[in-house]
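# Coordinates in review
So the chains spell out like this:
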Amino acid sequence: MEIVAGVHCATGESPMWHAGEQAWYWVDIPARRIWRRDHASGELRRWLAPEMVACIAGSSDGGLVAGMESGIFHLDLNDDGSVGASRLAVPPAAELGEGMRFNDGRCDRQGRFWSGTMFMDMGAARAVGGLYRYSGRDGLHGPVVSNMLTQNGLAWSPDGKTMYLSDSHPQRRMVWAFDYDVDAGLPHDQRVFLDLNGQKGRPDGAAVDADGCYWTCANDGGVVQRYTPAGKLDREIELPMAKPSMCAFGGPDLDLLLVTSIDPGTGGDAGAVVLLRPGVKGVAETLFLRD
């Protein structure tokens, strides 16, 4: 396990392996930062966005697609460290009102971008978040899933036919599985995959490996956990930070796992980003298709 030197995040999130660039990306939400680490050289770069960036995915026409405070955007990362942001879509004001933002998100296997909204003051426990789908062809659709407190854990099985979604709020601690219509881009038959109430941590960001197992970051639990498609805990890896936030597979052979974390002000390795070899390979992420 390697702690990535030179990085500290208040709320590190949305790690992503960009195969075309052979580089890692992730964000620091409250700092409005987008980070990049070149895999071969280890070179770090960062950009300052005009508003908080919660989740990102690579775009087929270059740049990134992102879920932010005021909608879904296409982002261009400029040489001077600035970010060019073009809004693609925004839910109605009643669904993305004051105090809300997008949270966890990524593309499905067909290149549609998915992200959910949340009320930022988690102490208020307002179940007003929803899960949305955006595609260049069909625009914004949703909310597909409603009544979310803190939407997280979005991932798809290797064949794309199962969608996973979690609510990491302390009052929920649930992961659901859905059958996923790959042609229509719609989940259905929602069912409980993991009920982690009373267990270690809360199910934050996640990834799926090549065996179809679901890896979830146990926020407040200090571990990343692997669950089989049947929902059985198969593996648990201890981390140097208590609040891991999301993980992603990558590297040239997809055999590395990058894990971001949150710093609640405790010091130490809180807010660190780590790279580890979990012993299995991941599945390549699909770029967002603009048309």
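For every chain, the first residue of the written sequence is number 1, and numbering continues from 1 onward in sequence order. Reporting in this predicted model follows two pLDDT cut-offs: at least 70 for local features of residues, and 80 or more for side-chain atom pairs to be given and counted; totals over whole chains, interfaces and linings ignore these cut-offs and use all residues. Heavy atoms throughout the structure, all of them, feed into the side-chain values; hydrogens and water do not.

## Re the UniProt feature "binding site: substrate" (unreviewed entry) in the protein
- As annotated in UniProt, the feature "binding site: substrate" (unreviewed entry) corresponds to R101, N103 and D121 in the numbering used here. Over a stretch of 21 residues, the named residues converge on one spot in the fold, their C-alpha atoms separated by at most 12.7 Å.
- By definition, any uninterrupted DSSP run of H or I lasting at least four residues is a helix, any uninterrupted run of E lasting at least two residues is a strand, and each is numbered from the N terminus. Along the chain, R101 falls in strand β10 (residues 100-107).
- Buried, partly exposed and exposed residues are distinguished by accessible area as a fraction of the type maximum, computed with a 1.4 Å probe on protein chains only: under 20%, between the cut-offs, and over 50%, respectively. Relative accessible area serves as the criterion here: at 10%, R101 is assigned to the buried category.
- Ignoring sequence-local partners within four residues, the contact set of R101 consists of I29, M52, A54, M68, E69, L96, G116, T117, M118 and M120.
- Structurally, D121 can be placed in the loop between β11 (113-119) and β12 (129-135). UniProt positions are given in the numbering used here, feature names are shortened, and annotations may be inferred rather than shown by experiment. Residue contacts are defined here by distance: any two heavy atoms, one from each residue, within 4.5 Å place the two residues in contact.

## A look at the packing of aromatic side chains
- Each Phe, Tyr or Trp ring, with Trp reduced to its six-membered ring, pairs with another whose centre is within 6.5 Å; inter-plane angles below 30 degrees give stacked pairs, above 60 give edge-to-face pairs, and intermediate values give tilted ones. Tallied over the full model, the rule gives 11 aromatic pairs.
- On the basis of an interplanar angle of 5° and a centroid distance of 6.1 Å, the ring pair of W26 and W35 is categorised as stacked.
- Residue class for W26 comes out buried when judged on its relative accessible area of 0%.
- Residue W35 is classed as buried on the basis of its relative accessible area, which comes to 6%.
- These aromatic residues form a ring-pair network of at least three members: W114, W156 and Y180.
- Remark: a charge is flagged as sitting over a ring if the NZ atom of Lys or the CZ atom of Arg is within 6 Å of the ring centre and within 35 degrees of the ring normal. The positively charged end of R126 is found above the aromatic ring belonging to F119, 4.4 Å away from the centroid.

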